[in-house]
Number of protein chains: 4
Amino acid sequence: MNKEIDLSKYQVRTDLAIDQIEEKSVLKGVKHNTEIIDNIKVTTVKLDEENDLNKKKGEYITLEFEDVTDYENREKVTNVLTNVLRKILKLNNDSFGLVVGLGNDKSTPDSLGPLVVNDIIITNHLYILNELSDNYKRVAAINPGVMGETGIETSDIIDSVVKKIKPSFLIVIDALASKSIERLNKTIQITDTGIHPGSGIGNKRKEISFETLGIPVIAIGVPTVVDATVIVTDTINFIYKNYAFNKEYMNNPKSKLTFNNVNYLKKELKEDKKEKQELLGLIGTLNDEELQTLLYEVLNPIGYNLMVTPKEIDFVIKKLSSVISKSINNSIHDIDKN
Amino acid sequence: MNKEIDLSKYQVRTDLAIDQIEEKSVLKGVKHNTEIIDNIKVTTVKLDEENDLNKKKGEYITLEFEDVTDYENREKVTNVLTNVLRKILKLNNDSFGLVVGLGNDKSTPDSLGPLVVNDIIITNHLYILNELSDNYKRVAAINPGVMGETGIETSDIIDSVVKKIKPSFLIVIDALASKSIERLNKTIQITDTGIHPGSGIGNKRKEISFETLGIPVIAIGVPTVVDATVIVTDTINFIYKNYAFNKEYMNNPKSKLTFNNVNYLKKELKEDKKEKQELLGLIGTLNDEELQTLLYEVLNPIGYNLMVTPKEIDFVIKKLSSVISKSINNSIHDIDKN
Amino acid sequence: MNKEIDLSKYQVRTDLAIDQIEEKSVLKGVKHNTEIIDNIKVTTVKLDEENDLNKKKGEYITLEFEDVTDYENREKVTNVLTNVLRKILKLNNDSFGLVVGLGNDKSTPDSLGPLVVNDIIITNHLYILNELSDNYKRVAAINPGVMGETGIETSDIIDSVVKKIKPSFLIVIDALASKSIERLNKTIQITDTGIHPGSGIGNKRKEISFETLGIPVIAIGVPTVVDATVIVTDTINFIYKNYAFNKEYMNNPKSKLTFNNVNYLKKELKEDKKEKQELLGLIGTLNDEELQTLLYEVLNPIGYNLMVTPKEIDFVIKKLSSVISKSINNSIHDIDKN
Amino acid sequence: MNKEIDLSKYQVRTDLAIDQIEEKSVLKGVKHNTEIIDNIKVTTVKLDEENDLNKKKGEYITLEFEDVTDYENREKVTNVLTNVLRKILKLNNDSFGLVVGLGNDKSTPDSLGPLVVNDIIITNHLYILNELSDNYKRVAAINPGVMGETGIETSDIIDSVVKKIKPSFLIVIDALASKSIERLNKTIQITDTGIHPGSGIGNKRKEISFETLGIPVIAIGVPTVVDATVIVTDTINFIYKNYAFNKEYMNNPKSKLTFNNVNYLKKELKEDKKEKQELLGLIGTLNDEELQTLLYEVLNPIGYNLMVTPKEIDFVIKKLSSVISKSINNSIHDIDKN
């Protein structure tokens, strides 16, 4: 038996550009820049037409933050996101936005989009009646539902409504799948490239973008689930890290007292390749991408369509939705707070 | 002071054809027929182009029944409604239906449409994948939301989705306003004429019909609220009936014991016009239509936008929604139950 | 026929002390005081054991305000309510609060209590684990449901939980019935006397108070519905006002242009008793209390159990719930905002 | 390096007695019996005080079935569950049941209990009014919420309500964690032993049982999530199975065409221990229990509190809730259907 396990076809899905940047070191067609604002890490990635990430040309801005269930943190993230949106939206007096909440309001981890839309300040009906005051812009919104509920491609509903009401820009909000457990509910990605096949929790969505709709499409995404393959990959890696940690610290008298509940991921540990293969066999010799590809092949034919999400997801998603709806309202309308 | 209170312009709204039939005796362009099936009164009204009801040409079928919170009654109404829908839909193998839930899922009395759509058996996505079995037809569904939530005319959303996915017929479900308290939640109207301006709980909807969409539009409506003017009109009439009842029965020794909690509306009572005017003044001389018109004039300028609904509306609407969704499923698909 | 229509037994229900103050001029055992803070009218009524309002001894504070769907107004009401609660709660370091949301989360106008409880900052489970930081107090919360859903007296559930977990004070939030359409959703009443039979949208609740539970019970109520009798009474009065307004202004050339959509309630109009009786008959000679009593007698035997509520109730109640939950959180915990 | 990875302390949690039976062959104090009714596998396990499963003495009945999203299957499961409940409940004319929905109605995979309770036919309030007809029994119900929402131990709420209203038996419905992905949403366990620490999706609940409450406690549970450790264990096993399958069938010309999407779990495959260790290293030598124990140790210190659930959970749980609520209603009340 040699290492020729078939590792090809499937590319494990991540919806976050930032996931890819960290993996690769030399990157063609990629400019990126990171700053820390109010404890929030803001990474801006600009991709040229030809780029090493195999992602669409455009801007990807990622906010990384701690727990938004804390009021102070929530206010900070709201402020930073408001500013990011203002810059990327570049609105004028005639701007007319359609806000679209993708996802399923009946499935907690996938309900982010619909929850955000419920709190958007809608004004288009007032505009039509000539009753819109100066500090508000025209905004409409829809929750198109998911294909399992409507039987209709979500992108078809959006496309047809866009053609009918003719907004000048689109904002779509979506719950994403992440490749990293640590990013769950602690990252917001904003991009001017729209939504692409394979994004989101639901499977094979069609593109929703400037190319398909003819107007700018800003996508706001938060990873709220990870694919089952991710948790297996991560855990297999952690098995070795945990082993290495135990070996290094367990017989060290100083660390004995605090040994339990130590987060060994935060320790610097040397990797011994031979030892790792002894522990994990051939799968211990695969890199993350190879391992996930393998796992996808293993799980796909047996029909597992599972998602992994934190047990407290209902609480977190409510707070994330509040951050995003307030940021959208503040960045579109000429108001300070809402 | 003479009777010239201004009683003109406004026509009080009822969404039920049956309300009008009972009021008027001689009717041009109107054929109607009533039968009792399983204790359910089924009235079919066929209107010619020119008709005395000032309603659109077409068929209006009304089911009147007792309490659907009872399981037996619910089964009966479901069976009758299934048959009515089968007849009016006249489906063939290529039929492709779009089911639309009008109304606001966050406002209990207006949530009938969205609740029904949640339980419709959707198949269009399977059809697209060529996975639809023979006993099912193509069905898609949407909950377009209300204008206050989306900023978009509901009819515009429907029109644009119809153009995109091209169904062969439409079913719209809506919570209606009734002119009669007694019909609340105890009537279902099915019509092939669609939805018209002023229908529904929300105010000024645009037409949704064969004329505007180019495909048959079957509207299923249940009166779940009455306008504030209706309850005032009814109550003013009841004041006199109650007075007449008291006068007739109060001094009758036989009736004394059971006097309390007697439903005086079920008694035959003589009307003494002079006495009625003494009690109610000039408003006692108005007929229902005149009185409602007056009330509309009285309430409109002070901006009251109120609805009147039973306190147990949440329970009743859940059961009504079950009746309608099952009937739609059974009448479209080749299944007995769902 | 003389005026001896039977006007006795029934007292039309209002849950607001303020409703009664305005009706009566000489009041024994009643101290009241009104101030305007930030455009909010704050009325404090203190009742002695023996008082003319036939209400329980205690303090009743009423905030009257304009539309809380406006952000600025919402902030103002939140600040004033926070201060009122701080004063009435008088907490110390050992205080342990149980917050109870009365009402039915499935019926929009009755969902205020459950909505508020969903946003209360709960800490009791952290206190038990010894993980509560200094600026937070012990708080637990329940939504006991309504009797139609549980089959259990709400007060029994509360009583049994209070006995088990032994809080030092109780806050109950409830949607109330109002006697005045104008107060709907624009009034918050805070009282240290708890909840009494006949309060709330549901009918005959048992008392929830210091007397029954042995701990202070602060009740926060908002009128979200009016009884059907109220809208009829109001409308009958408006019929005459509208008539008087029309008579006075209609032939006045100056007012002609703006005549439509004038809110005649805001005009000072003389009342001509003879004219009123001509228009409304004997019912035009009744005062409000007599008229409502009559209407209760008229509607009760025919089994109408209706509520009247604004069509936009879903939107308003969400905002009111946010005001109340934030005020409770800010007044209990040592935090500025949440 | 030898196999002495520390595999001790933690016992991976399963709430299903049936999970344990299949693992172990010789069992003391365990009687079990399996029958197939209408394609549903019904396993009855009776445990003595001393038993090899380390579970509480009592009866555990497990129904295993295919997809309840199909109407026919749903009817079958409802019938079988109704009969099982009738036998285990043994009601008489004076029986008075309290139905308790454990779990969090805002988190889809944990919302089974609250959903079931919403559809229970409640009669206790009618009994109190002496309005209960003969074919119905006394039933009350509560949704006590979860500790994160209330701050109160769920068992404390139940205990206090039981003391107050004194039911003669309790039914608790709960979403469970499973040790097996294949059982997710396809198993219902009914037991007369109540709910025990560590059951359910939420963590460390206190016991709810005859011993703690003094009345029979029937627990109805459905596994709707699996722990993250389970999916990792399963997947690691599947890696080898998939490898073995590929090796056996890939070069077999007959199977080539159908090779993709073959469910290799359904094939009989020989296990080659040496090959397995080559592929998976030392972890390939562990049995399931050892592997899960290891994984728990690996994941616990890094604070992952994740659940794994199918993407279509919202749809499945609605159907499961319908099966259970109907079965409870039919088995308690003297009705055929509801």
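None of the values given here were measured: they were computed from a predicted structure.

Cut-offs applied
- Residues numbered from 1 in each chain as written.
- Chains lettered and ligands numbered in written order.
- Predicted model: local features only at pLDDT ≥ 70, side-chain atom pairs only at ≥ 80, totals over all residues.
- Heavy atoms only, no water.
- Least-squares fit on C-alpha atoms with pLDDT ≥ 70 in both.
- Contact = heavy atoms within 4.5 Å.
- Helix = DSSP H or I, 4+ residues; strand = E, 2+ residues; numbered from the N terminus.
- Expected span 1.5 Å × (residues − 1).
- Buried < 20%, exposed > 50% of the residue type's maximum accessible area, 1.4 Å probe, protein only.
- Polar contact = N/O pair within 3.5 Å; in protein donor to acceptor, adjacent residues only side chain to side chain.
- pLDDT = per-residue confidence, 0-100.
- Domains from an automatic or database assignment.
- Salt bridge = Lys/Arg side-chain N within 4 Å of Asp/Glu carboxyl O.
- Nonpolar A, V, L, I, M, F, W, Y, C, P; charged D, E, K, R; others polar.
- Buried area = accessible area lost by both parts, 1.4 Å probe.
- Phe/Tyr/Trp six-rings, centres within 6.5 Å; stacked < 30°, edge-to-face > 60°.
- Lys NZ or Arg CZ within 6 Å of the ring centre and 35° of its normal.
- Pairing = 2+ DSSP bridges.
- Axes fitted to C-alpha atoms, helices over the stretch in contact; angles between N-to-C directions.
- Parallel < 35°, antiparallel > 145°, perpendicular 65-115°, else oblique.
- Left-handed = near helix turned anticlockwise from the far one by under 90°.

### A few points about the relation of the copies chain A and chain D
Argument step 1. Superposition of chain A onto chain D requires a rotation of 180° combined with a translation of 0.0 Å along the rotation axis, giving an RMSD of 0.2 Å. Here the transformation between the copies is reduced to the relation of a two-fold axis.
Argument step 2. Interface overlap between copies is the fraction of interface residues in one copy that are interface residues in the other; for chain A against chain D it reaches 100%, indicating a shared surface.

### Some words on the relation of the copies chain C and chain A
Argument step 1. Once chain C has been moved 0.0 Å along the axis and rotated by 180°, it coincides with chain A to within an RMSD of 0.1 Å.
Argument step 2. The fraction of interface residues of chain C whose copies in chain A are also interface residues reaches 100%, indicating that both copies meet through the same surface.

### Considering helix H2 (residues 71-89) of chain D
The α-helix advances 3.6 residues per turn, and as a result positions three or four apart in sequence lie on the same side.
All names here are of chain D.
Argument step 1. With 19 residues, H2 extends 26 Å between its outermost C-alpha atoms, agreeing within 8% with the 27 Å of an ideal straight helix rising 1.5 Å per residue.
Argument step 2. Along H2, the positions that sit buried rather than exposed are Asn-73, Arg-74, Val-77, Thr-78, Val-80, Leu-81, Thr-82, Val-84, Leu-85, Ile-88 and Leu-89.
Argument step 3. Of the residues flanking the start of H2, the one acting as N-cap is Asp-70, its side-chain oxygen 3.2 Å from the backbone nitrogen of Glu-72.
Argument step 4. One or two residues past the end of H2 sits Lys-90, with phi positive at roughly 45°.

### Brief notes about the confidence of the model for chain A
Residue and element names in this part refer to chain A.
Argument step 1. On average, residues of chain A carry a pLDDT of 85, and 85% of them reach 70 or more.
Argument step 2. When the criterion is pLDDT under 50, residues 255-259 qualifies, and its contacts beyond four places in sequence or with other chains add up to five contacts.
Argument step 3. Among the prediction metrics, the complex's ipTM stands at 0.85, with pTM recorded as 0.88.

### Describing the domain arrangement of chain A
Residue and element names in this part refer to chain A.
Argument step 1. When its domains are assigned, chain A resolves into domain 1 (17-222 + 310-332) and domain 2 (230-308).
Argument step 2. At the junction of the two partners, domain 1 supplies eight residues and domain 2 supplies six residues.
Argument step 3. The tally of links from domain 1 across to domain 2 stands at zero salt bridges.
Argument step 4. Viewed at the interface, domain 2 and domain 1 are joined by zero residue pairs in polar contact (both at pLDDT 80 or more).
Argument step 5. Class assignment for the residues of the side of domain 1 that touches domain 2 results in three nonpolar, three polar and two charged.

### Description of the interface of chain A and chain D
Argument step 1. Contacts between the two partners involve 54 residues from chain A and, on the opposite side, 54 residues from chain D.
Argument step 2. When chain A packs against chain D, the two sides together hide about 4,700 Å² of surface, and 65% of this comes from carbon and sulfur.
Argument step 3. Counting across the interface, chain A meets chain D through zero salt bridges.
Argument step 4. Along the contact surface separating chain A from chain D lie 13 residue pairs in polar contact (both at pLDDT 80 or more).
Argument step 5. Where the side of chain A that touches chain D is concerned, the elements lending two or more residues are helix H8 (228-249), helix H9 (273-280), helix H10 (288-299), strand E9 (306-310) and helix H11 (313-332) of chain A.
Argument step 6. Among the residues making up the side of chain A that touches chain D, the classes are represented as 31 nonpolar, 13 polar and 10 charged.

### Notes on the packing of aromatic side chains
Argument step 1. In total, this model carries zero aromatic pairs over all chains according to the counting rule given.
Argument step 2. The cationic tip of Arg-138 of chain A hangs over the ring face of Phe-96 of chain A; the distance from NZ or CZ to the ring centre is 3.7 Å.

### Side note on the pairing of strand E6 (residues 169-178) of chain A
Residue and element names in this part refer to chain A.
Argument step 1. The buried count for E6 comes to 10 of 10 residues, which makes it a mostly enclosed element.
Argument step 2. Burial along E6 is two-sided: the face carrying Phe-169, Ile-171, Ile-173, Ala-175 and Ala-177 and the face carrying Leu-170, Val-172, Asp-174, Leu-176 and Ser-178 are both buried.
Argument step 3. Sheet topology places strand E4 (residues 96-101) next to E6; five bridges connect them, and they run parallel. The residue bridging Gly-101 from the neighbouring strand is Ile-173, located in E6.
Argument step 4. Pairing analysis gives nine bridges linking E6 to strand E8 (residues 217-227), with the strands arranged parallel. By the bridge assignment for E8, Val-172 is matched with Ala-219.

### Thoughts on the pattern of salt bridges
Argument step 1. All chains considered together, the criterion is met by 40 salt bridges over all chains.
Argument step 2. A salt bridge links Lys-41 of chain A to Glu-64 of chain A, with the nearest nitrogen and oxygen atoms 3.9 Å apart. Within this pair, whereas Lys-41 of chain A is found in strand E2 (residues 40-47), its partner Glu-64 of chain A is found in strand E3 (residues 58-64), the two being separated by 23 residues in sequence.
Argument step 3. We note a salt bridge from Glu-207 of chain B to Lys-56 of chain B, for which the minimum N-O separation is 3.0 Å. Residue Glu-207 of chain B is located in the loop between strand E7 (187-191) and helix H7 (210-213), and its partner Lys-56 of chain B is located in the loop between strand E2 (40-47) and strand E3 (58-64); the two are separated by 151 residues in the primary sequence.
Argument step 4. Take Glu-207 of chain B: its relative accessible area is 26%, and that puts it in the partly exposed class.
Argument step 5. Salt bridges sharing partners connect three or more residues here, namely Lys-41, Glu-64 and Arg-183 of chain A.

### What to know about the side chain of Ser-111 of chain B
Argument step 1. Relative to the helices and strands, Ser-111 of chain B is located in the loop between strand E4 (96-101) and helix H3 (112-118).
Argument step 2. Once you skip the residues sitting within four places of it in the chain, Ser-111 of chain B turns out to touch Asn-104, Asp-105 and Ile-317 of chain B.

### A closer look at the packing of helix H6 (residues 154-165) of chain C against helix H6 (residues 154-165) of chain D
Argument step 1. At their nearest, the axes of H6 of chain C and H6 of chain D sit 8 Å apart, and the two run at 120° to each other. Here H6 of chain C lies oblique to H6 of chain D, going by the angle between them. Where H6 of chain C crosses over H6 of chain D, the two elements pack in a sense that is right-handed. When H6 of chain C is examined against H6 of chain D, the residues Asp-156, Ile-157, Asp-159, Ser-160, Val-161, Lys-163 and Lys-164 of chain C are found in contact with a partner set consisting of Asp-156, Ile-157, Asp-159, Ser-160, Val-161, Lys-163 and Lys-164 of chain D.
Argument step 2. Residue composition of the contact of H6 of chain C with H6 of chain D, by class: four nonpolar, two polar and eight charged.

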